[in-house]
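Fold and contact review
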Amino acid sequence: MTLNFDSEVQVFYEGQKRILNFYSIWPQETRCQRLMHSIHFWHVFSFWIMLFNLILMLHIVINIGNIDEIVKGFFVLATCMAYTHKVYSVKVNNVALLQLFQDLHAAHFRPEDAEEELIFVAARQLSYALYKYYGIISVTALTMLLITQYAIDNTQLPLATYHPFSAERGTFGYIFMYWYQCVALSLSCFVNICFDSLCCSMFIFIKCQLDILALRLQRLGYDCDEIVELQLRDQLKHCIEHYMRVVELSANIEALIYKPISSQIFCSVLVLTANFYAMSLLSDDKLVFLKFFIYQSCMLIQVFILCYFAGEIVQRSTELPHELYKSNWVHWSRSNRRLMLMFMQRLDTAIRIRTFNASHAFDLALFSSIVNCSYSYFALLKRVNS
């Protein structure tokens, strides 16, 4: 099996990188390109992102006494707040992200035999499939948000926002606000697709490297009939170096993404609560209920994939001591067994992608608590307004 390592690694990030380039996020080489991209970025950030957030907040403030209108505006606002943080975070850390992409191509992450190549190819295929299917789900939710209102009542705008112009159908103000809402919400959708799938791809890459390391640990002492202690020590040191590079890569990824993902988790609680409440109020209107149901499902999937693939890193790293124990360590020399024991003690500390609160990590336990917390807030809100 012949593996083009560099081209295979690009699958983990290249598609997301190309789409994010539309927002003029990445640094440019020439002065003219930097100027044009800077103008375009601030145009997108101020007019299509911050202004959209502003009119959503104005709608909530104006209708502060109407809980139904607040919910209609708030579930979109919370999503846009998280997406705004993602755009800002990627822009601020664009150089570090590009360096991270280059680090993925390092020679020490390259598979060394056919079995390791199979593990790597499976991870690449999973990353691409996640990017594709998560994009389909997100675009479906976006389409439902934008077209259902037109099917129900085409005299109303698709989203509940403040509009300074006349909202009567056919007027310039109506047409302008209709297209503005469609474009602004679509931009947020594509950023979420790219950023979330990119984070998951990084998690999948780390998990892949841990799988390769586990395979190498199992083989220690079995690849030769007569154990050569010096060769065995070199193999063990090579595994230790590989593990420490994976730990370093995980720390670099965590430093770049933990803040935007943490804000996404916080905003997801608000969105899920608002959607639960909206679904309970609009259960009689099947089309509107379907809109909120699909959007709610998309939000749950968004949080789930981030927690699941980050949790896979924790799970796999906790299994490494058992993989090392499966090696042929019984016949090793005392010095090699001592080195193995020290390495095993180091492996007892699992690799975690931590949240803004360093005592918590992204895993399925966090996902469960998010859903439980959202439903508890919904039950409280429903009881207060009943």
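Treat the numbers as computed from the prediction; the structure is a model and nothing was measured.

Comments concerning the overall build of the protein chain
Per the secondary structure count, the protein chain includes 11 helices and zero strands. The N-to-C order of helical and strand elements in the protein chain reads α-α-α-α-α-α-α-α-α-α-α. Projected onto its principal axes, the C-alpha coordinates of the protein chain cover approximately 85 × 55 × 35 Å. When contacts within the protein chain are restricted to residue pairs at least 6 apart in sequence, those whose partners lie at least 24 apart make up 80%. For the protein chain, the computed accessible surface area is about 18,700 Å², with 61% contributed by carbon and sulfur atoms. Counting 30 positive and 31 negative side-chain charges, the protein chain places the centres of these two groups 5 Å from one another.

Some words on the packing of helix H8 (residues 229-281) against helix H11 (residues 364-384)
In the contact formed by H8 and H11, the axes pass within 8 Å of each other and the chain directions differ by 45°. With respect to each other, H8 and H11 are oriented oblique. The element H8 and its partner H11 pack so that their crossing is right-handed. Contacts between H8 and H11 involve Ile-265, Ser-268, Val-269, Leu-272, Thr-273, Phe-276, Tyr-277, Ser-280 and Leu-281 from the former and Ile-370, Cys-373, Ser-374, Tyr-375, Tyr-377, Phe-378, Leu-381 and Lys-382 from the latter. Here the contact of H8 with H11 is built from residues that sort into 12 nonpolar, four polar and one charged.

A few points about the layout of surface pockets
Taken as a whole, the largest pocket spans an internal volume of roughly 530 Å³. Around the largest pocket, the lining is made up of 25 residues, and of these Lys-72, Gln-149, Leu-157, Leu-159 and Ala-160 lie nearest the centre. Listing elements by their share of the lining of the largest pocket, those giving two or more residues are helix H3 (31-62), helix H4 (67-92), helix H6 (114-152) and helix H9 (286-325). At four residues, the largest contribution of residues to the lining of the largest pocket is made by H4. Across the lining of the largest pocket, the residue classes tally to 14 nonpolar, seven polar and four charged.

As for the side chain of Ser-201
Mapped onto the fold, Ser-201 is located in helix H7 (residues 172-219). Taking the relative accessible area as the measure of exposure, Ser-201 reaches 0% and is therefore buried. Apart from the residues within four sequence positions on either side, Ser-201 is in contact with Phe-12, Gln-16 and Ser-127.

Some details on the packing of aromatic side chains
The full count for this structure, using the stated rule, is 31 aromatic pairs. When the ring of Phe-5 is compared with that of Phe-120, the centres are 5.3 Å apart and the planes differ by 40°; the resulting orientation is tilted. Taken together, the positions of Phe-5 in helix H1 (residues 5-10) and Phe-120 in helix H6 put the pair 115 residues apart, joining distant regions of the chain. These aromatic residues form a ring-pair network of at least three members: Phe-47, Trp-48, Phe-52, Phe-172, Phe-176 and Tyr-180. A cation over a ring is seen here: Lys-91 above Phe-41, with NZ or CZ 4.8 Å from the ring centre.

Notes on the nonpolar core
The tendency in soluble globular proteins is for nonpolar side chains to be buried side by side. Grouped together as the largest cluster of nonpolar side chains are 121 residues, with contacts concentrated most on Phe-52, Phe-203, Ile-261 and Leu-324. If one sorts the elements of this core by residue count, H7 sits on top with 27 residues. Among all residues touching Leu-324, those that are not within four sequence positions of it are Leu-217, Leu-220, Leu-236, Trp-329, Met-340, Phe-343, Met-344 and Leu-347.

Observations regarding H7
Taking 1.5 Å per residue, 48 residues should reach 70 Å; H7 reaches 70 Å between its end C-alpha atoms and fits that length. Positive backbone phi, at 90°, marks Gly-221, one or two positions downstream of H7.

Some thoughts on the environment of Tyr-277
Counting through the fold element by element, Tyr-277 comes out in helix H8. You can call Tyr-277 buried: its relative accessible area is 3%. Sequence separation of Tyr-277 and Tyr-377 is 100 residues, and the distance between their C-alpha atoms is 9.5 Å. When sequence neighbours within four positions are dropped, the list of residues in contact with Tyr-277 reads Ile-67, Asp-68, Val-71, Phe-378, Leu-381, Lys-382 and Asn-385.

Notes on the pattern of salt bridges
Scanning the model with the defined rule gives 11 salt bridges in all. Arg-219 is the salt-bridge partner of Asp-113, the closest N and O atoms lying 2.4 Å from each other. Note that Asp-113 is positioned in the loop between helix H5 (94-103) and H6 and Arg-219 in helix H7, a separation of 106 residues in sequence. The exposure class assigned to Asp-113 is partly exposed, which follows from its relative accessible area of 25%. Among the ionic pairs, Glu-319 bridges to Arg-316, the shortest N-O distance being 2.7 Å. Within this pair, Glu-319 and its partner Arg-316 are both found in helix H9, separated by three residues, close to a single helical turn. The exposure class of Arg-316 is buried, given its relative accessible area of 12%. One network of salt bridges, in which partners are shared, links Lys-207, Asp-211, Arg-316, Glu-319, Glu-323 and Lys-326.

A closer look at a nonpolar patch on the surface
Nonpolar side chains collect at one region of the surface, where Leu-54, Met-57, Leu-58, Ile-62 and Tyr-162 lie side by side and expose about 430 Å² of accessible area between them. Here Leu-54 shows up in helix H3. Note on Leu-54: relative accessible area 39%, which makes it partly exposed.

Description of the confidence of the model for the protein chain
Considering every residue of the protein chain, the mean pLDDT works out to 88; 97% of them sit at 70 or more. Mean pLDDT in the protein chain bottoms out at H11, which sits at 87, and peaks at H5, which reaches 94.

Describing the environment of Phe-22
Residue position: Phe-22 is located in the loop between helix H2 (14-20) and H3. Distance from Phe-22 to Leu-236, taken between C-alpha atoms, is 45 Å for residues 214 residues apart in sequence. If we skip the residues at most four places from it in the chain, Phe-22 touches His-40 and Leu-187.

The rules behind the values
- Residues numbered from 1 in each chain as written.
- Predicted model: local features only at pLDDT ≥ 70, side-chain atom pairs only at ≥ 80, totals over all residues.
- Heavy atoms only, no water.
- Helix = DSSP H or I, 4+ residues; strand = E, 2+ residues; numbered from the N terminus.
- Contact = heavy atoms within 4.5 Å.
- Areas by Shrake-Rupley, 256 points an atom, 1.4 Å probe, with all protein chains shown as cover.
- Lys, Arg positive; Asp, Glu negative; His and termini not counted.
- Charge placed at Lys NZ, Arg CZ, Asp CG, Glu CD.
- Axes fitted to C-alpha atoms, helices over the stretch in contact; angles between N-to-C directions.
- Parallel < 35°, antiparallel > 145°, perpendicular 65-115°, else oblique.
- Left-handed = near helix turned anticlockwise from the far one by under 90°.
- Nonpolar A, V, L, I, M, F, W, Y, C, P; charged D, E, K, R; others polar.
- 1 Å grid on protein atoms, 1.4 Å probe; cavity = no way out; pocket = protein on both sides within 12 Å on 5 of 7 lines; lining within 4 Å.
- Points joined across faces, edges and corners; volume = space filled by probe spheres on them.
- Buried < 20%, exposed > 50% of the residue type's maximum accessible area, 1.4 Å probe, protein only.
- Phe/Tyr/Trp six-rings, centres within 6.5 Å; stacked < 30°, edge-to-face > 60°.
- Lys NZ or Arg CZ within 6 Å of the ring centre and 35° of its normal.
- Core = buried A, V, L, I, M, F, W, Y, C linked by side-chain atoms within 4.5 Å.
- Expected span 1.5 Å × (residues − 1).
- Salt bridge = Lys/Arg side-chain N within 4 Å of Asp/Glu carboxyl O.
- Patch = residues over 30% accessible without salt bridge, like charges linked within 9 Å, V, L, I, M, F, W, Y side chains within 5 Å.
- pLDDT = per-residue confidence, 0-100.

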